[in-house]
Amino acid sequence: MNPPEKVIEVIRKNSAFLITSHKSPEGDAIGSELALALALEKIGKNAEIRNLDPVPETYKFLPQSERIGKTERIDKRYDILFLVDCGNTERTGWADTGNIPADSIFVIDHHRTESPHKDNGWIEPDASSTGEMIYSLIVSLGVDIDLDMAVNIYTAIMTDTGSFRYSSTTPEAFRIAGTLVEKGIDPSKINEEVYEKLPFRKLKLFSYVLKTIDRNRDGNVAWMTINKRMFSLTGTKSEDTEEFVNSLRSIKGVEVAILFRQTGSRSYKLSLRSRGRVDVARIAEALGGGGHREAAGCEIKGSISKIRKRVIGIVEEAIQNKN
Ligand code: 5GP
Ligand code: MN
């Protein structure tokens, strides 16, 4: 994959960059932001990173993650606002398209969901991860990848490909991983940081959530539900729910898995996972969200019983129509 000339040009022609990503950022978002900022600095640019939500505990090991700031007060103006792993300002949860602290926006993303900034952006739905795109960008800029960048990029690719297991895993993802290992990263240490330092409270939360698992008559749709009470009983936050929904998809016969997570008294965040035959990004888009064919999400307002009934109905129809 080669980055288009327009992204190289945006970098060459400008000097002050603000980098942000989607709300509730995870490995690909944070790793990509950090690697991009470090590379921009290597060529003499100013780069800052700010996100709506703080870095989750799990990702605090990422080199220089402490430099990621909040978006509450931004007094400075920048030449460019980079949206990384994020297709539009709405997903950032803070940047208002009409009033951004920069002269223009540039998107670097691999989500399939249509971006309003695609003319001012580089969108690669076939990339395994935004980390993969950032790697090729850094190489094209002629920047030598140092160990800090390498750890960030590897974590981005590893987390978004489910440790190189999902169908989104490209030959390029493996090739880049090989190069990063040669540059000195320790894959087993990164695996341990991300997957084997879980807080006890997360497993405690999972024990509550597991009690809610259910499936339809055909056994091809399975779901589970997290309510506010489970979070308060266990002292957990939304970041502690990462990976829960994947355990549902691993049940034999399940085509689509859904996690309903309460976000307000009458609002729920949905995480949808597909085994590949059904495109859950289409379902999420129809409900106001987006994502990838096999992993997507959206937020819906209403009572849980009505939301569940409606969403399960839509998913069953998609399975029947094989789309
Ligand atoms: P997760 O279920 O892990 O939160 O998200 C799965 C995928 O769907 C990710 O690629 C994420 O960026 C995307 N996604 C989740 N929620 C939303 C949403 O509300 N809107 C859009 N456009 N994408 C989402
Ligand atoms: Mn991603």
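This text follows the structure it describes.
All of the points below concern the structure found in this document. Remember, it's a predicted structure, so these values are computed and weren't measured experimentally. (Residues numbered from 1 in each chain as written. Chains lettered and ligands numbered in written order. Predicted model: local features only at pLDDT ≥ 70, side-chain atom pairs only at ≥ 80, totals over all residues. Heavy atoms only, no water.)

1. Let's talk about the site of ligand 1
Item 1. What surrounds ligand 1 is a group of 13 residues, the closest being Arg91, His111, Lys269, Ser271 and Arg273.
Item 2. Separating an oxygen atom of ligand 1 from a side-chain N or O atom of arginine 91 is a distance of 3.0 Å.
Item 3. At 2.8 Å, a side-chain N or O of arginine 273 approaches an oxygen atom of ligand 1.
Item 4. Here ligand 1 loses 80% of its free accessible area of 490 Å² to cover by the protein chains. (Near = heavy atom within 4 Å. Polar contact = N/O pair within 3.5 Å; in protein donor to acceptor, adjacent residues only side chain to side chain. Areas by Shrake-Rupley, 256 points an atom, 1.4 Å probe, with all protein chains shown as cover.)

2. A closer look at the side chain of asparagine 246
Item 1. Locating asparagine 246 in the fold gives a position in helix α10 (residues 244-249).
Item 2. Those residues in contact with asparagine 246 that lie beyond four places of it in its chain are Tyr166 and Arg273. (Helix = DSSP H or I, 4+ residues; strand = E, 2+ residues; numbered from the N terminus. Contact = heavy atoms within 4.5 Å.)

3. Some words on the packing of aromatic side chains
Item 1. Under the counting rule described, the total for this entry stands at 5 aromatic pairs.
Item 2. Arranged with centres 5.9 Å apart and planes meeting at 45°, the rings of tyrosine 154 and phenylalanine 164 form a pair that is tilted. Pair noted here: tyrosine 154 is in helix α5 (residues 147-160) and phenylalanine 164 is in the loop between α5 and α6 (171-182), with a separation of 10 residues, a long-range link.
Item 3. On the basis of relative accessible area, phenylalanine 164 is assigned to the buried category, the value being 16%.
Item 4. Through pairs of rings, three or more aromatic residues link up here, namely Phe17, Phe82 and Phe106.
Item 5. Here the guanidinium or amino end of lysine 211 rests over the ring plane of tyrosine 208, the centre of that ring lying 5.3 Å away.
Item 6. The ring of tyrosine 166 is capped by arginine 249, whose NZ or CZ atom sits 5.1 Å from the centre of that ring. (Phe/Tyr/Trp six-rings, centres within 6.5 Å; stacked < 30°, edge-to-face > 60°. Buried < 20%, exposed > 50% of the residue type's maximum accessible area, 1.4 Å probe, protein only. Lys NZ or Arg CZ within 6 Å of the ring centre and 35° of its normal.)

4. Regarding the coordination of the manganese ion (ligand 2)
Item 1. All of the protein donors around the manganese ion (ligand 2) are Asp28 (OD), Asp85 (OD), His110 (NE2) and Asp160 (OD); their distances to the metal are 2.2 to 2.4 Å.
Item 2. Each donor residue of the manganese ion (ligand 2) belongs to the same chain, with the gaps between them written as D-x56-D-x24-H-x49-D. Highlighted residues: aspartate 28 in helix α2 (residues 27-42) and aspartate 85 in the loop between β4 (78-84) and α3 (89-92), separated in sequence by 57 residues. As far as burial versus exposure is concerned, aspartate 28 and aspartate 85 are alike and both buried. (Donors = N, O, S within 2.8 Å, 3.2 Å for Na, K, Ca; no water.)

5. What to know about the layout of surface pockets
In this approach, a probe sized like a water molecule rolls over the atoms, and the result shows the empty space that is left.
Item 1. When its volume is computed, the second largest pocket comes out at roughly 260 Å³.
Item 2. Considering the residues around the second largest pocket, the lining is formed by 16 residues, among which Val194, Leu198, Lys202, Glu242 and Glu243 are closest to the centre.
Item 3. Of all the secondary-structure elements, those providing two or more residues to the lining of the second largest pocket are α7 (187-195) and α8 (200-210).
Item 4. The dominant element in the lining of the second largest pocket, judged by the number of residues it contributes, is α8, at 3 residues.
Item 5. A per-class count over the lining of the second largest pocket returns 9 nonpolar, 1 polar and 6 charged. (1 Å grid on protein atoms, 1.4 Å probe; cavity = no way out; pocket = protein on both sides within 12 Å on 5 of 7 lines; lining within 4 Å. Points joined across faces, edges and corners; volume = space filled by probe spheres on them. Nonpolar A, V, L, I, M, F, W, Y, C, P; charged D, E, K, R; others polar.)

6. Considering the sheet that holds strand β3 (residues 69-70)
Item 1. With respect to topology, 6 strands assemble into an open sheet ordered β3-β2-β1-β4-β5-β6, the strand pairing being parallel. At either margin of the open sheet sits one strand with a lone partner, and together these are β3 and β6 (121-123).
Item 2. Relative to β4, strand β1 (residues 16-20) runs parallel, the two being bridged by 4 bridges. Bridge pairing in β4 links isoleucine 19 to phenylalanine 82.
Item 3. Here helix α1 (residues 5-13) sits on the sheet in contact with β1, β4, β5 (102-109) and β6, set at roughly 140° to β5.
Item 4. The strands touched by helix α4 (residues 130-140) within the sheet are β4, β5 and β6, with β5 carrying the most contacts at an inclination of about 115°. (Pairing = 2+ DSSP bridges. Axes fitted to C-alpha atoms, helices over the stretch in contact; angles between N-to-C directions.)

7. Quick word on the pattern of salt bridges
Item 1. On inspection of all chains with the given rule, the structure shows 17 salt bridges.
Item 2. The partner of glutamate 285 in a salt bridge is arginine 112, with the nearest N and O atoms 3.3 Å apart. A residue pair is termed long-range when its members are at least 10 positions apart, and glutamate 285 in helix α11 (residues 280-286) and arginine 112 in the loop between β5 and β6 qualify at 173 residues.
Item 3. Overall, glutamate 285 belongs to the partly exposed group, its relative accessible area being 30%. (Salt bridge = Lys/Arg side-chain N within 4 Å of Asp/Glu carboxyl O.)

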